[in-house]
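# Observations on chain architecture
Given next are the chains, with one letter for each unit.
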Amino acid sequence: MTRRDLGLDDIESLAVGAWILGTGGGGNPYLPLLNMRALYREGCRVQLMDPSDLADGDWVGTVANMGAPLVGQERLTDSLTLARAVTVMEKHIGRRFVALMGMEIGGANGVRPFMAAAHLKLPVVDADTMGRAYPELQMTSVAVGGLAPYPLTGVDVRGFESIIVHKVPTWKWAERVLRKVCVEYGSVAATSQPPRTGAEVKQWCIHGTVTKAMAIGHAVRDAQRRHEDPVAAILGIEHGKLLYKGKVVDVERRATEGFLRGIARFDGLDDWRGSELTINFQNEWIIARRDGEPIAMSPDLICVLDSVSGEAVGSETIRYGQRVTVIALPPSSIFLSSRGLEHVGPRAFGYDIEFRSVFAT
Amino acid sequence: MRRIGIDVGGTNTDAVLIEDGKVAGAVKAPTSEDVTAGILDSLKALGASGVLVGKRIDGVMIGTTHFINAVVQRRHLTRVAALRLAMPASASLPPFCDWPEDLAELVRGGVWMVEGGHEYDGRLFMPLDEAAVAKAAQEMKAAGLKAVGISAIFSPLDPTHERRAAELVAAVMPDATITCSSDLGRIGLLERENAGLLNAALADLARDTIAAFESAIRESGIAAPLFITQNDGTVVEASQARRLPVYSFASGATNSMRGAAYLSGLSDAMVIDVGGTTTDVGQLKNGFPREANSVVKVGGVRTLFRMPDLLSIGLGGGSHVSLDPLKVGPLSVGYRLLKQGIAFGGRQLTTTDVAVAMGILPLGDRGKVAHLDKATCARVFDEAARMAEEAIDRMKTEAGDVPLIAVGGGAFLIPEKLPGVSKVIHVEHGDCANAVGAAIAQVSGECDQIFKDLPRRDAIAAAQGIANDRAVAAGADRKTLSTIESEDMPLAYLPGNSVRVRVRVVGDVAAG
């Protein structure tokens, strides 16, 4: 069984890469990264495990935080609380996990499984269920695969561990019920998502996403050190596509049904001078239009990057005047099936258009 | 209205008198080691020019880099007790956890974490553990600590726990300097707490420095209240700056931009401030510098300070020039220009030497730089212009041509025409723009808070009311208040109509 020991530098790269794969949402991984630095100082270490090394009958725990990133900025995610969400789940199902996995590689949740793993001395599987960040629980590869949307646990740092969603009929119900609990807790909860068997991870989860995030983060950090173009460095290692360079000229935000929706407008620079780009968002960047024509849309990953640092710019913090470069990265093929597109295609976000991949030639 | 503005810079201490909207006098004196002597010298020089005779001065406004230098150079800092009211949350990331280790070693006097704090909607997160706070205070006292920084979850929304804890600490340690993070605003526990801890660490220095400012003014014979300029181009009364010195961290660059706006009469323009070593480029919006987004690091510590968004490049009047291959800056002779520049008998070719050779600056000995031919000089100036152009383009937020105000002692490097610039404006007294900016500074108030179940318009109005009250408390004349920033953000994932509103208002300093 091959397991890779991760150094703190790998985690630093993971944080940068996960924020980029957050495609505008998921929250900045800075606080989880600080937790990891503290855990490494205390001597904890984490390991990465290849999904193919799981036995079909192994059980894997899925870790994620749910809630408003803003509340996280005040409560400062606690690593032990994430570990509790996992142990409450183990107790509920009466099984021990052989490994943990993230629900969402994009944003702060890309780093959180490692916080729990450091305490529980479990490896983390090099996979997740989104390959990016998405706003809702049914927007995952395991939901597309029709896997069970239960059980779920939600834990609050004050010792509320009473929340176990034993059974719900659909992923949308899982989202609704857990979201309510999370709101009562103060709009933040450490959760353990439905446990997965090794067979399920191998068939329905998105493989290699932790490695991918680390590689992207490493490329950006390396380019920063060498004073080279970090965006070019990303495109050099990923099969991405440069969409646009420009400046933010307007950001319009509104909260609807508990999400941050809105539209960001950009004026072109360099080769894009005279051309306007708009990106609609629901926490994450969903659809980009150039001069009115859709040029990229979910499930393709739309990443808005700071043109100088190459680091991600989030929909909550993007502001007038920022100079950004917009790139697209390819999604997991699971989302490109007709079932996949029902879950995360443009219509899942209320845009009545046919999905057209930016990578279709 | 008659005010004196003073900028205590690294090289010079500049002083200007603004009278009836005009610069009535401007002087420069070398900055002294103890700061006070430089201020006194500049005030004496201003007095010697005769402009102050028989006049009542309404205020002396001082801008200084003293506090930020203390943090950057790790000098004159007080040890601080950190008291956080947030348990059981946040336990894995204690106070000082993201500070550079050397600075933490100097400042960390001890960490106490007890139960307390609020939710985003005003509910209690945990009741305040008063017994634990009292016990912590006893331990702080026993450890000989004199400065305390207190933080609590969501204290910008509800500061009651921080205030109650401050009372309990003061009961045990009546002489302690206590900073509550809610006084420093903004959501983000770690960054707000960092600002509070830095503030507490500067408490002794702020007290001594401001006392020195006051005695310098007294000694100069000027009877006027003292104001200190802040990072955002506004001022506070000396007493408030003594309490919250972190807000006066980085006022130099801001003052230059505000001075540029005043001297040119423009409120929306790009500003280029060319000093001896570096050039700062920023953008004026409504007469104030555009602020940097969210996180600003000070001496390696993450904070959420209001700071101008500036781009600094290594170009200035003292920049080294090499001709083959052509290179200008980033090295500089700095304040040694008058000794080391070739036109002054030194050996280092600088941008100032080139300007002397071209006959632009009537300084030094033009004969010493006669070997520089016209074409060579033009190449050097073209390079400086190219560097300026690139920096301006990076900071511009609109595609069209914009006006550019050139200030600072090295402003001669900026040509009359630049691509992307509609016109270049050189102003009289531009070399003292920072002191002018200090003299004309206004007072501000800010509110950054989450409002729940209020229509958007009412939430903004409520925030405006709070910001207005804070500006008045800081010394503003209520009649002159105007809103210069208003930003609202509905909160993702929070139920109901939660909206985070940030409003900033400014007004003139209240008379008397």
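Residues numbered from 1 in each chain as written. Chains lettered and ligands numbered in written order. Predicted model: local features only at pLDDT ≥ 70, side-chain atom pairs only at ≥ 80, totals over all residues. Heavy atoms only, no water.

Our focus in this paragraph is the overall build of chain A. A tally of regular secondary structure across chain A gives 11 helices and 17 strands. Taking 361 residues into account, the globule formula puts the C-alpha radius of gyration at 21 Å, and chain A, at 19 Å, falls close to it. On the principal axes, the C-alpha backbone points of chain A span a range of 60 × 45 × 40 Å. Looking at chain A as a whole, 62% of its 361 residues qualify as buried. (Helix = DSSP H or I, 4+ residues; strand = E, 2+ residues; numbered from the N terminus. Rg over C-alpha atoms; globule rule 2.2 N^0.38 Å. Buried < 20%, exposed > 50% of the residue type's maximum accessible area, 1.4 Å probe, protein only.)

Before going further, it helps to examine the sheet that holds strand 8 (residues 177-180) of chain B. Hydrogen bonding along the main chain pairs the strands of a sheet, whether they run parallel or antiparallel. Residues and elements named next belong to chain B. Spatially, four strands are ordered 6-5-7-8 in an open sheet, and the strand pairing comes out parallel. Looking along the sheet, the strands with just one partner apiece sit at the ends: strand 6 (108-115) and strand 8. Between one strand axis and the next, the sheet turns by 20° as a mean value, whatever way the strands run. (Pairing = 2+ DSSP bridges. Axes fitted to C-alpha atoms, helices over the stretch in contact; angles between N-to-C directions.)

Next up on the list: the side chain of Asn 199 of chain B. All names here are of chain B. Checked against the element boundaries, Asn 199 lands in helix 6 (residues 189-201). Within the structure, Asn 199 has its side chain in polar contact with the backbone nitrogen of Val 246 (distance 3.2 Å). Not counting chain neighbours up to four residues away, the residues in contact with Asn 199 comprise Thr 179, Leu 184, Arg 243, Leu 244, Pro 245 and Val 246. (Polar contact = N/O pair within 3.5 Å; in protein donor to acceptor, adjacent residues only side chain to side chain. Contact = heavy atoms within 4.5 Å.)

Taken together, the contacts link 45 residues of chain B with 44 residues of chain A. Carbon and sulfur atoms supply 56% of the area buried between chain B and chain A, which totals about 3,800 Å² over both sides. Counting across the chain B and chain A interface gives three salt bridges. The interface formed by chain B and chain A contains 14 residue pairs in polar contact (both at pLDDT 80 or more). Only helix 6, helix 12 (374-395) and strand 22 (482-490) of chain B provide two or more residues apiece to the side of chain B that touches chain A. No other element matches helix 6 of chain B, which puts three residues into the side of chain B that touches chain A. Tallied by class, the residues present in the side of chain B that touches chain A amount to 24 nonpolar, six polar and 15 charged. (Buried area = accessible area lost by both parts, 1.4 Å probe. Salt bridge = Lys/Arg side-chain N within 4 Å of Asp/Glu carboxyl O. Nonpolar A, V, L, I, M, F, W, Y, C, P; charged D, E, K, R; others polar.)

Attention now goes to the packing of aromatic side chains. Residue and element names in this part refer to chain A. For the coordinates displayed, the defined rule picks out six aromatic pairs over all chains. Note on Phe 160 and Tyr 185: the rings are 5.8 Å apart at their centroids and 20° apart in plane angle, and the pair reads as stacked. With Phe 160 in the loop between strand 7 (152-155) and strand 8 (163-165) and Tyr 185 in the loop between helix 7 (171-184) and strand 9 (188-197), the pair connects residues that are 25 residues apart, well separated along the chain. Residue Tyr 185 is classed as buried on the basis of its relative accessible area, which comes to 5%. Feature note: the residues Tyr 134, Phe 335 and Phe 349 constitute an aromatic cluster, connected by ring pairs. The ring centre of Tyr 134 lies 4.0 Å from the NZ or CZ of Arg 132, which sits over that ring. (Phe/Tyr/Trp six-rings, centres within 6.5 Å; stacked < 30°, edge-to-face > 60°. Lys NZ or Arg CZ within 6 Å of the ring centre and 35° of its normal.)

All names here are of chain B. Strand order in the open sheet made by the six strands is 3-2-1-4-9-10, with mixed pairing throughout. Edge positions in the sheet fall to strand 3 (22-30) and strand 10 (235-237), since each of these pairs with one other strand and no more. The average angle at which neighbouring strand axes cross in this sheet is 25°, direction not considered. Alignment of strand 9 (residues 226-229) against strand 10, held across three bridges, turns out to be antiparallel. Bridge pairing in strand 10 places Thr 229 opposite Val 235. Contacting strand 1 (2-8), strand 2 (12-19), strand 3 and strand 4 (59-64), helix 1 (residues 36-48) runs over the sheet at an angle of about 135° to strand 3. In the packing of helix 9 (residues 251-264) onto the sheet, contacts are made with strand 1, strand 2, strand 3, strand 4 and strand 9, and the angle to strand 4 comes to roughly 130°.

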